[in-house]
Amino acid sequence: MRKTKALSGAAQDAYFRRAFKTHANLADEEREQLLGSLKREIAQLRLRLEPLPRGTPPPKPATAAPVHSQQETSAGPQAAATSARFDPFSPNVVVILRTSGRAAALAALKGIDTEEHLRLLAREQRLSIGSDVVSLSDLRAAIVSAAERRVANRMAAAS
Amino acid sequence: MTRFLAVSNRKGGVGKSTISVMLAHAAAAWGRQRVLLMDLDTQCNASLMLLGGEGWEKASRSGRTIADYFYDRFDNVAGDESVYIVNNVGDVAHPRTAPGRVSLLPGSLQLEDIQGELYLKQSKKDLHADAVALLVRSRMKRLMRHFGMDYDLVILDCPPGLSFAAHAALDMADHIVVPFRPDFVSQFALDRVALLIERVENAEQLASIPFAERRYACLPNCLTGAGHERLLLEQIALDHPLLATRLPVLDSIARAFDWDESKKSMEQKYAEALAHLRKLHTEVFAGTQRRAKSA
């Protein structure tokens, strides 16, 4: 039995528009920008005919996701696949640190449970962490410390 | 009552002149206002957008520039300042019966030299350097304000950096739009211009001023929709009032300022950028009116 269907062209655009409409916090122009960006990058998408119930984790890919080096995740098809699942700009570590403090920033990073994603987030948010940090808890702490240095750096320039 | 709106950022290349001209067109066409744009930038980009190269050169040769105005009237503000103004500039057609129009006090390559000369002229009076700077700045403010009577709105297109004219414009403006590009150094530039505008010395003092009481609002410009832009805007929004209008990178904005003598409608000129300009116009004018009422 067919479980998915392919969408492309106008049908794909219409699907994206419907999906964006469910996000009331997006402005019209942001929706259009997102749509434009997706139209350029995605030629065809495959939709489940019966969506998974809420709270169901998505099925794991047939093969385990490879652990990318920093170079690999910054460019190339593997990076695109990774970034399609993971948004390295969320949570905004600097914003959480400044509004809610260090503990809250660490807590927000707890939801990210792979070294690859933590390193990707750090790189995309320009939070410099050492390559020798390995454990997830040390990585999270290093990210928050880097955010603290970034905030201090900005405050120094504005004094 | 005349409102003074400055468009400023110490950083260059953020779209100050483009936004000044767009707001001038919008205020004249949709707000039906008599608008004067004062080009305080020695690059004269706003003047070139509104007059074209030949028109600006002609104005410059006939002594109709801001540098001429400052120099001629520095010691004697009184007199007919309209001789320095070029009326009905730009390529947007306004109906004859409509009151809205755009006038220009053209920019000048000489403005920086003139400011230095005026400073030296004043320093002969045995004043301390700071007092001389203050004197030059307040005289410039007076000269700028002198135009107020004939216009509903004066837009001050500020230069990057901090000349006496830029200081004077920031001091006297009722409301200041600070355009910026979402990149790393922009947040530093915003911090610095905010300190100047609010006349405070550090980030802590700035933080103590509620957003609603600040004279400025920041305008994100040239957005591409990239993730790092969202990140930066969220960070900037912690410290500075941000306009809800977000201007994307659009060919129609860049091309709107290719000099063209033929008059056209706002729709023809701004094409797909029109909706963004409408939103910006509404938001900026709501802000300036709110400030005028509270003042």
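Everything discussed here concerns the structure shown above.
Residues numbered from 1 in each chain as written. Chains lettered and ligands numbered in written order. Predicted model: local features only at pLDDT ≥ 70, side-chain atom pairs only at ≥ 80, totals over all residues. Heavy atoms only, no water.

A. How the structure looks around the overall build of chain A. When helices and strands are counted, chain A shows 8 helices and 2 strands. Mapped in sequence order, the helices and strands of chain A form the string β-α-α-β-α-α-α-α-α-α. Per-residue burial for chain A yields a buried fraction of 31% across its 159 residues. Considering only intrachain contacts with a sequence separation of at least 6, the fraction spanning at least 24 residues in chain A is 59%. Put simply, chain A shows about 10200 Å² of open surface, and 55% of that area lies on carbon and sulfur atoms. (Helix = DSSP H or I, 4+ residues; strand = E, 2+ residues; numbered from the N terminus. Buried < 20%, exposed > 50% of the residue type's maximum accessible area, 1.4 Å probe, protein only. Contact = heavy atoms within 4.5 Å. Areas by Shrake-Rupley, 256 points an atom, 1.4 Å probe, with all protein chains shown as cover.)

B. Here's a closer look at the overall build of chain B. Within chain B, the regular secondary structure consists of 12 helices and 6 strands. Scaling as 2.2 N^0.38, a compact globule of 295 residues should have a C-alpha radius of gyration of about 19 Å, and chain B matches this with 19 Å. In terms of principal-axis extent, the alpha carbons of chain B reach across some 55 × 50 × 35 Å. For chain B, the residues scored as buried account for 56% of the 295 residues in total. Approximately 12700 Å² of chain B is accessible, and the part contributed by carbon and sulfur atoms is 50%. Within chain B, one finds 36 positive and 36 negative side-chain charges whose respective centroids are separated by 5 Å. (Rg over C-alpha atoms; globule rule 2.2 N^0.38 Å. Lys, Arg positive; Asp, Glu negative; His and termini not counted. Charge placed at Lys NZ, Arg CZ, Asp CG, Glu CD.)

C. Expanded view of the interface of chain A and chain B. If you look at the interface, chain A gives 19 residues, while chain B gives 23 residues. Taken together, the two surfaces of chain A and chain B that pack against each other cover about 1900 Å², and 52% of this comes from carbon and sulfur. In this structure, the connection of chain A to chain B is made through 4 salt bridges. D239 of chain B is paired through a salt bridge with R98 of chain A; the nearest N and O atoms lie 2.5 Å apart. When residues of the side of chain A that touches chain B are assigned to their parent elements, the largest contribution, 5 residues, is made by helix α8 (residues 136-157) of chain A. A per-class count over the side of chain A that touches chain B returns 6 nonpolar, 7 polar and 6 charged. (Buried area = accessible area lost by both parts, 1.4 Å probe. Salt bridge = Lys/Arg side-chain N within 4 Å of Asp/Glu carboxyl O. Nonpolar A, V, L, I, M, F, W, Y, C, P; charged D, E, K, R; others polar.)

D. Broad picture of the side chain of N9 of chain B. Residue and element names in this part refer to chain B. Summarising the element assignment, N9 is placed in the loop between β1 (3-7) and α1 (16-29). The class of N9 is buried, set by a relative accessible area of 1%. A polar contact of 2.8 Å, which involves the side chain of N9, links it to the backbone oxygen of P179. Ignoring sequence-local partners within four residues, the contact set of N9 consists of V14, K16, P159, P160, V178, P179, F180, A189, L190 and V193. (Polar contact = N/O pair within 3.5 Å; in protein donor to acceptor, adjacent residues only side chain to side chain.)

E. Focus on the packing of aromatic side chains. All names here are of chain B. Summed over all chains, the structure comprises 4 aromatic pairs over all chains. Ring centres of Y69 and F70 lie 6.0 Å apart, and the angle between their planes is 35 degrees; on these two criteria the pair is classed as tilted. The exposure class assigned to Y69 is buried, which follows from its relative accessible area of 1%. Judged by centre distance (5.1 Å) and plane angle (75 degrees), the rings of F184 and F188 are edge-to-face. Of this pair, F184 and F188 both sit in helix α7 (residues 184-198), separated by 4 residues, roughly a single helical turn. The class for F184 is partly exposed, based on a relative accessible area of 39%. Three or more aromatic residues link up through ring pairs in this structure, and these residues are Y69, F70 and Y84. Lying over the aromatic face of Y270, K269 brings its terminal NZ or CZ to 5.7 Å of the ring centre. For the cation-ring pair, R278 lies above W30, with the distance from its terminal atom to the ring centre recorded as 4.2 Å. (Phe/Tyr/Trp six-rings, centres within 6.5 Å; stacked < 30°, edge-to-face > 60°. Lys NZ or Arg CZ within 6 Å of the ring centre and 35° of its normal.)

F. Region of the structure containing the environment of C218 of chain B. Residue and element names in this part refer to chain B. Inspection of the secondary structure puts C218 in strand β6 (residues 216-220). Here the alpha-carbon distance between C218 and P179, two residues 39 residues apart in the chain, equals 5.7 Å. Beyond its immediate sequence surroundings of up to four residues, C218 is in contact with V178, F180, L190, H240, P241, L242 and L243.

G. A look at the nonpolar core. Residue and element names in this part refer to chain B. One finds M38, L40, F70, L105, M144 and L156 to be the most contacted residues of the largest nonpolar core, which totals 51 residues. The contacts of M144, once residues within four sequence positions are left out, are F4, M38, L40, F70, L156, A165, A168, A169 and M172. Membership of the second largest hydrophobic core comes to 43 residues, among which are V7, L153, V284 and F285. (Core = buried A, V, L, I, M, F, W, Y, C linked by side-chain atoms within 4.5 Å.)

So yeah, pure geometry; function would need other evidence.
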